[in-house]
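# Summary of the model geometry
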There are 2 protein chains.
Amino acid sequence: MNKAAGAMSYDELRGAIAQRHRALSGRLQQIAEFVLDHPTDVALGTVAEVAQRSGVPPSAIVRFAHALGFGGFTEMQQVFRSRLVAGVAPSYKARLARMKSQEKSVLGRQPAAVLSRFVSEAQSALVTLSQSVHARELDAATAILAKARDIYLLGLGGSFPVAIHLAYVLRKLGRRVVLLDGTGGSIHEQSHAATTEDALVAISFRNYYPDTARLFPELVARGVPTISITDSLLSPIVEGASVVFEIQDMPEPALRTLVAPMCLVQALAIGLDLAAD
Amino acid sequence: MNKAAGAMSYDELRGAIAQRHRALSGRLQQIAEFVLDHPTDVALGTVAEVAQRSGVPPSAIVRFAHALGFGGFTEMQQVFRSRLVAGVAPSYKARLARMKSQEKSVLGRQPAAVLSRFVSEAQSALVTLSQSVHARELDAATAILAKARDIYLLGLGGSFPVAIHLAYVLRKLGRRVVLLDGTGGSIHEQSHAATTEDALVAISFRNYYPDTARLFPELVARGVPTISITDSLLSPIVEGASVVFEIQDMPEPALRTLVAPMCLVQALAIGLDLAAD
DNA sequence: TAGTAGATGGAATGAATATTCTAATCTCAC
DNA sequence: GTGAGATTAGAATATTCATTCCATCTACTA
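One key point about sheets: their strands pair by backbone hydrogen bonds, in either a parallel or an antiparallel sense. Residue and element names in this part refer to chain A. With respect to topology, five strands assemble into an open sheet ordered β2-β1-β3-β4-β5, the strand pairing being parallel. Bordering the open sheet on either side are β2 (177-180) and β5 (243-246), each of which pairs with just one other strand. The average angle at which neighbouring strand axes cross in this sheet is 15 degrees, direction not considered. Where strand β4 (residues 226-230) lies against β5, four bridges are found, and the strand directions are parallel. If you follow Ile-227 over to β5, its bridge partner there is Val-243. In this fold helix α10 (residues 160-172) packs onto β1 (151-154), β2 and β3 (199-204), with an angle of close to 165 degrees to the strand it touches most, β2.

For DNA strand D, the set of nearby residues contains 15 residues, the closest of which are Ser-25, Arg-27 and Arg-63 of chain A together with Val-47 and Phe-73 of chain B. Sugar plus phosphate, as a fraction of atoms of DNA strand D within 4 Å of the protein: 79%. Arg-63 of chain A is positioned with one of its side-chain polar atoms (N or O) 2.9 Å from a phosphate oxygen of DNA strand D. Between DNA strand D and the protein, one listed contact pairs a sugar or linking oxygen with a side-chain N or O atom of Thr-74 of chain B at 3.3 Å. When residues of the surface near DNA strand D are traced back to their parent elements, those giving at least two are α2 (26-37) and α5 (58-67) of chain A together with α4 (47-54), α5 (58-67) and α6 (73-88) of chain B. For the surface near DNA strand D, the leading source of residues is α5 of chain B, giving three residues. Residues that form the surface near DNA strand D fall into these classes: five nonpolar, eight polar and two charged.

Let us now look at the interface of chain B and chain A. Facing 65 residues of chain B, the contacting portion of chain A comprises 62 residues. Taking both sides of the interface into account, the surface hidden between chain B and chain A amounts to around 5700 Å²; carbon and sulfur atoms contribute 72%. Linking chain B to chain A there are three salt bridges. With its nearest N and O atoms 2.0 Å apart, the salt bridge here joins Glu-246 of chain A to Arg-14 of chain B. Elements supplying a minimum of two residues to the side of chain B that touches chain A: α1 (10-20), α2 (26-37), α3 (39-44), α6, α8 (111-132), α9 (135-147), α10 (160-172) and α13 (259-276) of chain B. Per element, the largest residue contribution to the side of chain B that touches chain A is 13 residues, and it comes from α8 of chain B. Its residues assigned to classes, the side of chain B that touches chain A shows 37 nonpolar, 15 polar and 13 charged.

The next subject is unusual backbone geometry. Residue and element names in this part refer to chain A. That bond from Arg-206 to Asn-207 is cis: its omega, -10 degrees, falls within 30 degrees of zero. The residue Asn-207 is located in the loop between β3 and α12 (210-221) in this model. The backbone of Leu-258 shows a phi angle near 65 degrees, a positive value even though the residue is not glycine. Structurally, Leu-258 is set in the loop between β5 and α13 (259-276). For Leu-258, a relative accessible area of 2% translates into the label buried.

Moving on: the nonpolar core. Note that soluble globular proteins tend to have their nonpolar side chains buried in a common cluster. Within the largest apolar cluster, 96 residues are counted, with the highest numbers of intra-cluster contacts made by Ile-229 and Phe-245 of chain A together with Ile-229 and Phe-245 of chain B. If we skip the residues at most four places from it in the chain, Ile-229 of chain B touches Val-201, Ala-202, Ile-203, Ser-204, Phe-205, Ile-237, Phe-245, Ile-247, Leu-264, Val-265 and Leu-268 of chain B. Among the nonpolar cores identified, the runner-up in size contains 75 residues, and Ala-51, Ile-61 and Leu-233 of chain A together with Phe-73 of chain B belong to it.

Cut-off values and rules
- Residues numbered from 1 in each chain as written.
- Chains lettered and ligands numbered in written order.
- Predicted model: local features only at pLDDT ≥ 70, side-chain atom pairs only at ≥ 80, totals over all residues.
- Heavy atoms only, no water.
- Pairing = 2+ DSSP bridges.
- Helix = DSSP H or I, 4+ residues; strand = E, 2+ residues; numbered from the N terminus.
- Axes fitted to C-alpha atoms, helices over the stretch in contact; angles between N-to-C directions.
- Contact = heavy atoms within 4.5 Å.
- Near = heavy atom within 4 Å.
- Polar contact = N/O pair within 3.5 Å; in protein donor to acceptor, adjacent residues only side chain to side chain.
- Nonpolar A, V, L, I, M, F, W, Y, C, P; charged D, E, K, R; others polar.
- Buried area = accessible area lost by both parts, 1.4 Å probe.
- Salt bridge = Lys/Arg side-chain N within 4 Å of Asp/Glu carboxyl O.
- Buried < 20%, exposed > 50% of the residue type's maximum accessible area, 1.4 Å probe, protein only.
- Core = buried A, V, L, I, M, F, W, Y, C linked by side-chain atoms within 4.5 Å.

Set out below in structure tokens:
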């Protein structure tokens, strides 16, 4: 009770339980062992469930929480839940905490602090990327690109740098690329020659550029095989796509670094080249 | 409802939501977007909490679950919880080990291995970036940009995506930007109006694009304050520059991910914006 | 313009849940 | 063996929660 139990992290809680274990009564010791062994059950279960699985009456569970300085089971459960969210989304939590603490301080506005913030954000974006992209999708995408006569690239607005970069790399590798950039008129005309023998790589993040949303379905309807890189399964370039890469947690347009999509398209291009031999 | 919703995995559920999204009513679409973006909130929250955060009445949440074939919110929540449980199981170390082993295996040419290689390369590029860029340079660069009437951006060839991205962000923040891209003729003409009141951000990596090497000294000679982002102190855009950011260890053109320079320009732009207030 | 089918929001309901309370039990010292 | 203090189990309670129901609103059709 020497610490405000509400603000405890999961690891701190483990330490506290281990430390007090000897001083607890028999039943409470039994519960202590159970919760350390089954943290997930505690995080998601009800008092009754935890009680049954650990073989004690429900009231004992509540007494256990009290003994640790919590106001009740629900309060203790929050700590166990924090472990779950930390495990699945390291980026989200870290980013939020960072933003909150730095954004408003004077130090946080200095360019050096801004840079380190973007760097760490980019780091977690990369971790998320490598976790969320599966081999199956990459293989399918590579196969599509390998068969394509011309590769059409569609990425406007904030996604344009990614499209440009992919165009650059693919051309370096000797592929025929048509970059749909809308220069000098209609994007529709630029894409007019695309057929089922070609392929389209579409890149779009919120807010989805209107031209992208308009052109994409047309090409899909014409039977052009399509690879989509986007931030949500609900984006306008998902339906009808042959392969979808979903990059989650993209920050708002002005703040995004494009690190993850840049890395992905790079891997696509190089992977295509290596697979060709 | 073609599938027993109870036995659905999280990924299957995501697919199902994406697939039916268009067929759903307005409110239900809104909820679909929220739950795909905030799966953790759904996994751990109550109906009332999810309802409040997504800005809909609680009953709509339940109707959403029904529309997906679940018996109610609680049933749907189980699927979101399974994601959390799965997330903790494979430890961080195990994931890292898997990446390492993939890297060196015979299958190193498979797209998935290529991606993980680029990801880890990008990671170390970011570390190098944050170590090699110093606060003094960032402050100086920010000061130059803050005083500039128009900001000229010069980045051709492989660096073009970086220039485009910087242009995009700066414009979003309300800055006047001239992107020297050479469309429709001479880059010299595009840069003709640049004066000592303006500023130039030049980005160039090996092999240095000829036009960049030619134009840069001209602008320097005209007294335009200049920020250079490059990979060597011997590059043609170093001499005469007001501030130089040297990004070391850039891979060869076709293999570079541009992660480090993208991050840097992002930090410059946002740092400029934050310092302005 | 009137009518209809569907969607929506909010209050009502009933179930499930955490917590509290009290009588019973156990432990240990004498 | 007996009594005091702590500990426990289970019933009682009060709260929170998911769900349902219905009146209202909206969009589309005739």
